[in-house]
Structures are given as C-alpha cells and as structure tokens.
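Here are the chains, one letter per residue:
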Amino acid sequence: MSRMPRFHFAFAVDDLSAARDFYGRLLGCAEGRSDAHWVDFDFHGHQIVAHLAPRREGADVPAAEIANPVDGDEVPVPHFGLILGWEAWHELAGRLKAAGIRFVIEPHIRFKGKPGEQATMFFRDPSGNALEFKAFQDEAQIFAK
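Worth saying up front: this structure is predicted, and the values here are computed from it rather than measured.

Undergrad: Hey, could you run me through the overall build of the protein in this one?
TA: The helix and strand inventory of the protein stands at 2 helices and 10 strands. Listing each helix as α and each strand as β along the protein from the N terminus yields β-α-β-β-β-β-β-β-α-β-β-β. The C-alpha radius of gyration computed for the protein amounts to 16 Å, which stays within 12% of the reference 15 Å derived for 145 residues, consistent with globular compactness. Summarising its shape, the C-alpha atoms of the protein cover approximately 45 × 45 × 30 Å along the three principal directions. When burial is assessed residue by residue, the protein has 34% of its 145 residues classed as buried. Restricting the contact set of the protein to residue pairs at least 6 apart, pairs at least 24 apart contribute 54%. Side-chain charges in the protein split into 16 positive and 21 negative, and the spacing between the mean points of these groups amounts to 3 Å.

Undergrad: I'm lost on the sheet that holds strand S10 (residues 130-135) in this one. Help?
TA: Strands pair in a sheet through their backbones, by hydrogen bonds, and they do so in one of two ways: parallel or antiparallel. With respect to topology, 4 strands assemble into an open sheet ordered S7-S10-S9-S8, the strand pairing being mixed. Looking at the sheet topology across the chains shown, the edges are occupied by strand S7 (80-84) and strand S8 (103-110). Across the sheet, the mean angle separating the axes of adjacent strands is 10 degrees when strand polarity is ignored. Bridge count for S8 against strand S9 (residues 118-124) is 5 bridges, and the pairing is antiparallel. Across the sheet, the residue bridging to Ile105 is Phe122, located in S9.

Criteria and thresholds
- Residues numbered from 1 in each chain as written.
- Predicted model: local features only at pLDDT ≥ 70, side-chain atom pairs only at ≥ 80, totals over all residues.
- Heavy atoms only, no water.
- Helix = DSSP H or I, 4+ residues; strand = E, 2+ residues; numbered from the N terminus.
- Rg over C-alpha atoms; globule rule 2.2 N^0.38 Å.
- Buried < 20%, exposed > 50% of the residue type's maximum accessible area, 1.4 Å probe, protein only.
- Contact = heavy atoms within 4.5 Å.
- Lys, Arg positive; Asp, Glu negative; His and termini not counted.
- Charge placed at Lys NZ, Arg CZ, Asp CG, Glu CD.
- Pairing = 2+ DSSP bridges.
- Axes fitted to C-alpha atoms, helices over the stretch in contact; angles between N-to-C directions.

Structure representation (structure tokens):
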C-alpha cells in the first residue's frame, strides 16, 4: 500500500504562545517537538513548524498586502492550507465563526457551476500568515481544467 508523501512547511510567527493557541486549540493540531524558538504541529498528518521570527521593519511590501484576483476575490499570496472533506470544512467554518475569526475571504463556494467548484475560506493566524481551507463535493474537481 503506497502512502501519499507528507509535506513539511516552516513559517514565521512573532509569538509562539499565540501560535500554540491558534494552531493547537483553535485548529486542533497536536503539538510535536519544540524548543524556545520553534514548535512542530501535526497539520492533518503534515508537519508544519512555527518559527519565532519577530516582524522586520522596513519591508518593501508587507506579505499581508500581496494578493492575486481569483474568481472575484483578492487571494492573499503567499498562503497555505488544506483540502478537507465537505463536512469537515463546514464544521471548521462554523468553529472559526463562533471563535470570532476575521476572515480575509468569507466561507463561500468558488467557481460555482464551473470546473473546480469548491468551498473556500481564507483567514490569518495571529502573526498574519494567510491560510486557505477548501473542500470539494466531487474530489475529481481538485485538478479539473
């Protein structure tokens, strides 16, 4: 039986305690190894690592301001996230709304009636990193053209 490779993603945060609360408590990611400057999380079987990196002053364009248009939305770049099952996506959207998360792009259906139709939502972690969670009712649409 073959297994899909797991990805590893390391990203900057400016507060490890806030990252632990956001990724651990709110998103339900189990914490792995850590030290004073980084924390591993189990991101649905993938390893993400929050590295303490205080914000740098004087950057030309803050990452939070870079976006590309996609189906009428300004999608933050860079971003990362997961493709969840349909019900899991709706459960997460409800949990985030109940927690008062401010969405960059509210939960909605993108590409409605077109190839790639999907549920999507964008929000930021406490350090400003953009995350996208999406779901497809028909997984054959994930790479549809």
